[in-house]
Amino acid sequence: MTKIAFVGFGGVGQALAEILLERKEQLERSYGLDAEVVAVSDMMKGAVYKPDGLDIAQLLEAVRETGNVENYPDEPGTVKGLNSMETIQDTNADMIVEVTFTDVETGQPAIDHCRAAFEKGKSVVTTNKGPVALAYKELTALAEKNGAYWGFEGTVMSGTPALRMPIATLAGNEITEIKGILNGTTNYILTEMEKGNSYDKALQKAKELGYAEADPTNDVEGYDARYKAAILSGYLMGTPISSKDIPCKGIRHMTLEMVNEALKDNKKWRLLAQVKKENGEVTASVEPQLLDADDPLAGVTGATNAILYECDLAGPIMLTGAGAGLKETGFSLLIDLIDYQRQKTMAKI
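Residues numbered from 1 in each chain as written. Predicted model: local features only at pLDDT ≥ 70, side-chain atom pairs only at ≥ 80, totals over all residues. Heavy atoms only, no water.

Draft legend 1. Summary view of the environment of Pro131. Counting through the fold element by element, Pro131 comes out in helix α6 (residues 129-145). Each C-alpha atom, one on Pro131 and one on Arg226, is 14 Å from the other, the two residues being 95 residues apart in sequence. Sequence-distant contacts of Pro131, defined by excluding residues within four places in its chain, comprise Gly107, Ala110, Ile111, Cys114, Tyr136, Leu139 and Trp150. (Helix = DSSP H or I, 4+ residues; strand = E, 2+ residues; numbered from the N terminus. Contact = heavy atoms within 4.5 Å.)

Draft legend 2. Quick look at the side chain of Thr155. By secondary structure assignment, the location of Thr155 is in helix α7 (residues 154-157). The buried category is assigned to Thr155, whose relative accessible area is 1%. With sequence-adjacent residues up to four places away left out, Thr155 is seen in contact with Thr126, Thr127, Asn128, Lys129, Val132, Leu163, Lys228 and Ile231. (Buried < 20%, exposed > 50% of the residue type's maximum accessible area, 1.4 Å probe, protein only.)

Draft legend 3. The sheet that holds strand β6 (residues 123-126), seen in detail. Read across the open sheet, the 7 strands follow the order β4-β3-β2-β1-β5-β6-β7; overall the sheet is mixed. The sheet is open, and its two borders are formed by β4 (79-80) and β7 (150-151), each paired with just one other strand. Where strand β2 (residues 35-42) meets strand β3 (residues 46-49), 4 bridges bridge the pair, whose relative direction is antiparallel. By the bridge assignment, Asp42 is partnered in β3 with Gly46. (Pairing = 2+ DSSP bridges.)

Draft legend 4. Region of interest: the environment of Ala212. Tracing the chain through its elements places Ala212 in the loop between α10 (199-208) and α11 (217-220). Judged by relative accessible area, Ala212 falls into the buried class, the value being 8%. C-alpha of Ala212 to C-alpha of Leu271: the two residues are 59 residues apart in sequence and 15 Å apart in space. In this structure, Ala212 is in contact with Thr185, Leu203, Ala206 and Lys207, ignoring residues within four places of it in sequence.

Draft legend 5. Geometry of the pattern of salt bridges. The final tally for this structure, using the stated rule, is 18 salt bridges. With its nearest N and O atoms 3.8 Å apart, the salt bridge here joins Arg164 to Glu153. Taken as a pair, Arg164 in helix α8 (residues 164-169) and Glu153 in the loop between β7 and α7 lie far apart in primary sequence, 11 residues in all. When its relative accessible area of 19% is taken as the criterion, Arg164 is described as buried. Residue classification places Glu153 among the buried positions, given a relative accessible area of 2%. Salt-bridge contacts for Asp292 lead to Lys267; the nearest nitrogen and oxygen are separated by 2.6 Å. Linking Asp292 in strand β10 (residues 281-292) with Lys267 in strand β9 (residues 267-278), this pair joins segments that are 25 residues apart in sequence. On the accessibility criterion, Asp292 (40% relative accessible area) is partly exposed. The partly exposed category is assigned to Lys267, whose relative accessible area is 26%. (Salt bridge = Lys/Arg side-chain N within 4 Å of Asp/Glu carboxyl O.)

Draft legend 6. Molecular detail of unusual backbone geometry. Residue Gln108 is joined to Pro109 through a cis peptide bond whose omega torsion reads 0°. Of note, Pro109 is situated in the loop between β5 (95-98) and α5 (110-119). Positive phi, normally seen in glycine, also occurs at Asn266, with a value near 60°. In this fold, Asn266 is placed in the loop between α13 (256-264) and β9. Note on Asn266: relative accessible area 53%, which makes it exposed.

Shown next as structure tokens:
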């Protein structure tokens, strides 16, 4: 049995809990994944811990009806009010699902959460880009030293397997270049501008649809894509690059005139994250690029994400899918949990 503690219990954490509830029998039957939620700790929604397992349906009911998991029934053995570090270090969970807010500058508190878990020999799955982009080398070494699993599939393209797919199915190739549309907000804005909307109007529509935050800086300045470029560089190219060292230019300067001029020349603007390996050196960048209209990435519209891997044996391989969404991101955590279970099973053989 895998005993799970959620650190952070917003929409993504609740989506995973719902999946674990709905598919419990199938996950155990098909993958041997017997997952039991024993703890939740959220800065805004409180904390609850029950060593022999929480009832997920009651947990979800408590948080959705009252906004506080501490309204979970007071059953024997139930403990409430633990902070995140106490939940990681002092509960009987062996798997931490870290889904707190991503701080793009410091990666905290998620980096400390991962560090604390690994030091205790506990595994972590996360959708939080900060620890992977800013502390990949340190945390990977710490996890390996303590025999812990670290999964972060959802950090690049949500439930679209941009990280595990190339590792699992492109093995044997040398990937010489990775480039992709890794931010749905900016791609939606550029697509709307191609329809004749100004940048400001396209951004407003993105906000109304929930694609853009009230403060869209991380998206439109390219910072979100830069984090993902750093993750791709470290994980797939074997060369960790600090996100702060990656040249980055967003789309805030883009005008309708620029977009229309490109269309007249049968071209399209796309904000691309790019990681290249040349002569043994790996470099990364994020910037708007002018693509021919028949380029596969130019055909990716709306909030969809896409990534292209240049392989020496297989040639160019492109993967497209949702780069956001609660259920999709919850699924990305499930991908990691299943992989964790498979590795545990293989280790016993």
